[in-house]
Every structure is written in structure tokens, then in C-alpha cells.
Amino acid sequence: MSTGGLNAGVGADGAGALVSHRPLGILAALPQELGDLIEAMRAESGVRTITHGQRDYHLGTVHGAPCVVTLARVGKVAAAATVSALIHAFDVEAVVFTGVAGGVGTEVRVGDIVVANALMQHDLDASPLFPRFEVPLLGVSRFAADGALADQLAAACERFIAEEGGASAARFGTHEPRVHRGLIISGDQFVASATGVEALRDALPDALAVEMEGAAIAQVCYEYGVPCAVVRTISDTADDHAPQSFASFLTEIAGTYSNAILRRFLEARGAV
Ligand code: SAH
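Under an unreviewed UniProt entry, the name given to the protein is adenosylhomocysteine nucleosidase, and the organism recorded is Paraburkholderia elongata.

And the structure:
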């Protein structure tokens, strides 16, 4: 087994000695979406970095929780490949994806947070052979997020808003953030037009947010029986303003949200 060496490394020596049980996999697409997580790990336990399939996997303990942290890059294939490695080479117990997304639900505004209850691929269509959106031969179109993990993430988001929501809104010039829970849709497109986002609303009226990785992760986790959850901060509303809104949110705000949410989520998890 070519991955045996990596597996054996977790929980063995160096920083791995701190990993006494199976780690949590934490991933994002872009570095800004991880905030200071790897620096926090370095300060807390030291970081052991393993490069595998052109990605760096950072092993250690952060906010009291043993984790493997990595970047998937953008899109469904990249996300599926990365989460597959987290499962097979790093034996993660569960997977959490953190990042930004475009708001689709009419109530969902820039600066809000969406925690997925379910995820689906909005660009998957093998009709008329299979129903639109259904993954052929798997017979599933919507993949459920793990209920307990999603509850823990949503609770961390609510604590963040209660403790810092007003200050964050004032600092970034956004609304007081709200947490939404529901459907996140994924596809290999950056949605950036009024017609594009309208078409998604028409096809999937309960969709809250659109991004490019979540449903791929949820599908792989479903197939391997690994719990997963996805939290997305809304960087844009997937319309004609999306490119500018996305770019400024990513550089100025995404890391702050991610730090605030992940710290609260991991501290609560480490305390169990
Ligand atoms: N590397 C580029 C492109 C990022 S693509 C850059 O840094 O500028 C946008 C990323 O943010 C994806 O990972 C996707 O999951 C998420 N995202 C945010 N807004 C989106 C939108 N309107 N449509 C699709 N994905 C969006």
C-alpha cells in the first residue's frame, strides 16, 4: 500500500505523538479561507507537514483538537481528490470544509454564514437517462451533512455572532451576520451574473448558497461513511458584482470569520 507510510505516521512520532485518536480533517479551497489555523497549530503543538498528491497536509493539534489541515484548491475534482486523501492516507474521523460562497437565497446577505444541512451538484445532469442532479448509479442527488457536526458548527457561528457580530459588522461595513442552515449547491462555475443566479433559484428554490467544492466532499464522505460538514461565509451574491465582492471579502474578511468560527468549534470539540 503506497499510503501505508502516511497512515503509520499519524499518531507515531514528532507532532504525531500528540494525536492520540483519529484526527479531524479540516479543509478549504484557498489559503485566506483557513485564516491563521496553521499558525495556531504551529504555536500549540508544532506542525508536521506531509506532501501528497501535490498538496500539503499539516498534522498537529489546534485549539485542543487533533487535526489534519489542508487546501483542496478550487472545484469539485480538486475537492474530491483531497478529501479522498484525507480519508485514506490520514484516516480522518470526520471532515469539515470552511470557506466562502455566493448567496442564492433571497434572505442570504454578504457577511452571513451558511451551515449546510445538505449539499448537491447543481451542474450534474445526465437526463434523460437519470433525473437531473442525481449522481448516476448512486441514486442520490442530495447528500446530508452530519447532523451533530453541523449543529456544533452552527453553535460556534452563533457564539461568534453573539460575542463579536456587532463589532465585525461595524469593522467590515456589513450587516449584523445571521446564520442560515439548509441546502448548499456546488458546481464547476463561479456564478457571477443576475441571470445565472436566477436560473439556480428557479431550478433549486431552497438553495441558500453556491460554491464549487462542498457537494463533491459530501459525496465522497457519503460513499466512505465519513461524517462531514460544510460552513460557508457569504462573500458575494453570485450576481454581476460577485467578482469584486468576492475578491475584497476574501482578502479582508474571510480569514477573520474562519478564525472566529473554527476556534469556537475546535475548543468545544477538544473539551468533549
Ligand atoms: N483562485 C481564484 C478563484 C476562486 S473561485 C481566486 O482566488 O480569485 C471562487 C471560490 O469561492 C471557490 O472555491 C468557490 O467555492 C467560492 N465561491 C465564492 N463565491 C462563489 C460564486 N459566486 N460562485 C461559485 N463559487 C463561489
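Participant: Even after reading the chapter, I still don't get the overall build of the protein, so can you show me in this structure?
Facilitator: Secondary structure summary: the protein contains eight helices and 10 strands in total. Looking at the 272 residues of the protein, the share that counts as buried comes to 53%. The long-range share in the protein, meaning contacts at least 24 apart out of those at least 6 apart in sequence, stands at 77%. Surface accessibility of the protein: about 11100 Å² in total, with carbon and sulfur atoms responsible for 53%. Across the protein, the 18 positively charged side chains and the 31 negatively charged ones have centroids separated by 3 Å.

Participant: Any chance you could explain the packing of helix 3 (residues 76-88) against helix 6 (residues 214-224) here in plain terms?
Facilitator: Working note: a packed helix pair is described by the angle between its axes plus the distance between those axes. Two numbers describe how helix 3 lies on helix 6: the axes approach to 8 Å, and their chain directions differ by 35 degrees. Handedness of the helix 3/helix 6 crossing: right-handed. Across the interface between the two elements, Lys76, Ala79, Ala80, Val83, Ser84, Ile87 and His88 of helix 3 pack against Ala216, Ile217, Val220, Cys221 and Tyr224 of helix 6.

Participant: Honestly, the packing of aromatic side chains in this entry has me stumped. Any pointers?
Facilitator: For any two aromatic rings, the description comes down to two numbers: the centre-to-centre distance and the angle of the planes. Enumeration over the complete set of coordinates arrives at five aromatic pairs. Ring centres 5.3 Å apart and planes at 70 degrees place the aromatic pair Phe143 and Tyr222 in the edge-to-face group. Of the two residues, Phe143 sits in strand 7 (residues 143-144) while Tyr222 sits in helix 6, which places them 79 residues apart along the sequence. Assessed through its relative accessible area of 1%, Phe143 is described here as buried. Look at Tyr222 and you get partly exposed, because its relative accessible area is 46%. Between Phe249 and Tyr257, the ring centres sit 5.9 Å apart and the planes meet at 50 degrees, which makes this aromatic pair tilted. Here a set of aromatic residues connected by ring pairs shows up, and it is made of Phe160, Phe249 and Tyr257.

Participant: Can you help me understand the UniProt feature "domain: Nucleoside phosphorylase" (unreviewed entry) in the protein in this one?
Facilitator: Summarizing the sequence annotation, UniProt attributes the feature "domain: Nucleoside phosphorylase" (unreviewed entry) to residues 24-266 in the numbering used throughout. Taken as a whole, residues 24-266 contains 38% helix and 28% strand, while its terminal C-alpha atoms sit 10 Å from one another.

Participant: I'm lost on the site of the ligand in this one. Help?
Facilitator: Contacts to the ligand come from 18 residues, most closely from Val191, Glu211, Met212, Glu213 and Asp236. Contact distances for the ligand include 2.7 Å between a nitrogen atom and a side-chain N or O atom of Asp236. Its atoms largely coinciding with the cavity grid, the ligand occupies the largest pocket. Of all elements in the fold, only strand 5 (94-103), strand 9 (207-211) and strand 10 (228-236) reach the threshold of two or more residues within the shell around the ligand. Looking at the shell around the ligand, its residues break down into 11 nonpolar, three polar and four charged.

Participant: Sorry, what's going on with the nonpolar core here?
Facilitator: Considering soluble globular proteins, one finds that nonpolar side chains tend to be buried as a cluster. Of all hydrophobic cores here, the largest spans 39 residues; its most connected members are Phe90, Val95, Ile217 and Cys221. Counting only elements with at least two residues in this core, the list comes to strand 3 (55-62), helix 3, strand 5, strand 6 (113-121), strand 9, helix 6 and strand 10. Element by element, the count of residues in this core is highest for helix 6, at six residues. Cys67, Ile113, Ala154 and Val179 belong to the second largest nonpolar core, which has 38 residues in total.

Participant: How do you make sense of empty space enclosed by the protein when you look at a structure like this?
Facilitator: Over the atoms rolls a probe the size of a water molecule, and in doing so it shows where empty space is left. Scanning the model with the defined rule gives one cavity of 30 Å³ or more in all. Taken as a whole, the largest cavity holds about 60 Å³ of empty space. Broken down by secondary-structure element, the contributors of at least two residues to the lining of the largest cavity are strand 5, strand 10 and helix 8 (254-270). Per element, the largest residue contribution to the lining of the largest cavity is four residues, and it comes from helix 8. Looking at the lining of the largest cavity residue by residue, the classes come out as five nonpolar, four polar and two charged.

Participant: What should I look at first to understand the pairing of strand 4 (residues 65-71) in this one?
Facilitator: Looking along a regular strand, one sees the side chains alternate between the two faces of the sheet. Of all seven residues making up strand 4, six are buried, and the element is well covered by its neighbours. Inspection of the sheet shows strand 3 paired to strand 4 by six bridges, in the antiparallel sense. Along strand 4, the bridge assignment pairs His58 with Val69. Hairpin connection from strand 3 to strand 4: two residues lie between these consecutive antiparallel strands, with His63 at a positive phi of about 50 degrees.

Participant: Help me out: how do you make sense of the pairing of strand 3 in this one?
Facilitator: Strand 3 sits mainly inside the fold: seven of its eight residues count as buried. Of the strand pairs in this sheet, strand 2 (residues 48-52) and strand 3 are connected by five bridges, and their pairing is antiparallel. Counterpart to His52 in the pairing with strand 3 is Arg55.

How each quantity is defined
Residues numbered from 1 in each chain as written. Predicted model: local features only at pLDDT ≥ 70, side-chain atom pairs only at ≥ 80, totals over all residues. Heavy atoms only, no water. Helix = DSSP H or I, 4+ residues; strand = E, 2+ residues; numbered from the N terminus. Buried < 20%, exposed > 50% of the residue type's maximum accessible area, 1.4 Å probe, protein only. Contact = heavy atoms within 4.5 Å. Areas by Shrake-Rupley, 256 points an atom, 1.4 Å probe, with all protein chains shown as cover. Lys, Arg positive; Asp, Glu negative; His and termini not counted. Charge placed at Lys NZ, Arg CZ, Asp CG, Glu CD. Axes fitted to C-alpha atoms, helices over the stretch in contact; angles between N-to-C directions. Left-handed = near helix turned anticlockwise from the far one by under 90°. Phe/Tyr/Trp six-rings, centres within 6.5 Å; stacked < 30°, edge-to-face > 60°. UniProt positions renumbered as here; feature names shortened; annotations may be inferred. Near = heavy atom within 4 Å. Polar contact = N/O pair within 3.5 Å; in protein donor to acceptor, adjacent residues only side chain to side chain. 1 Å grid on protein atoms, 1.4 Å probe; cavity = no way out; pocket = protein on both sides within 12 Å on 5 of 7 lines; lining within 4 Å. Sits in = over half its atoms within 2 Å of the grid points. Nonpolar A, V, L, I, M, F, W, Y, C, P; charged D, E, K, R; others polar. Core = buried A, V, L, I, M, F, W, Y, C linked by side-chain atoms within 4.5 Å. Points joined across faces, edges and corners; volume = space filled by probe spheres on them. Pairing = 2+ DSSP bridges.

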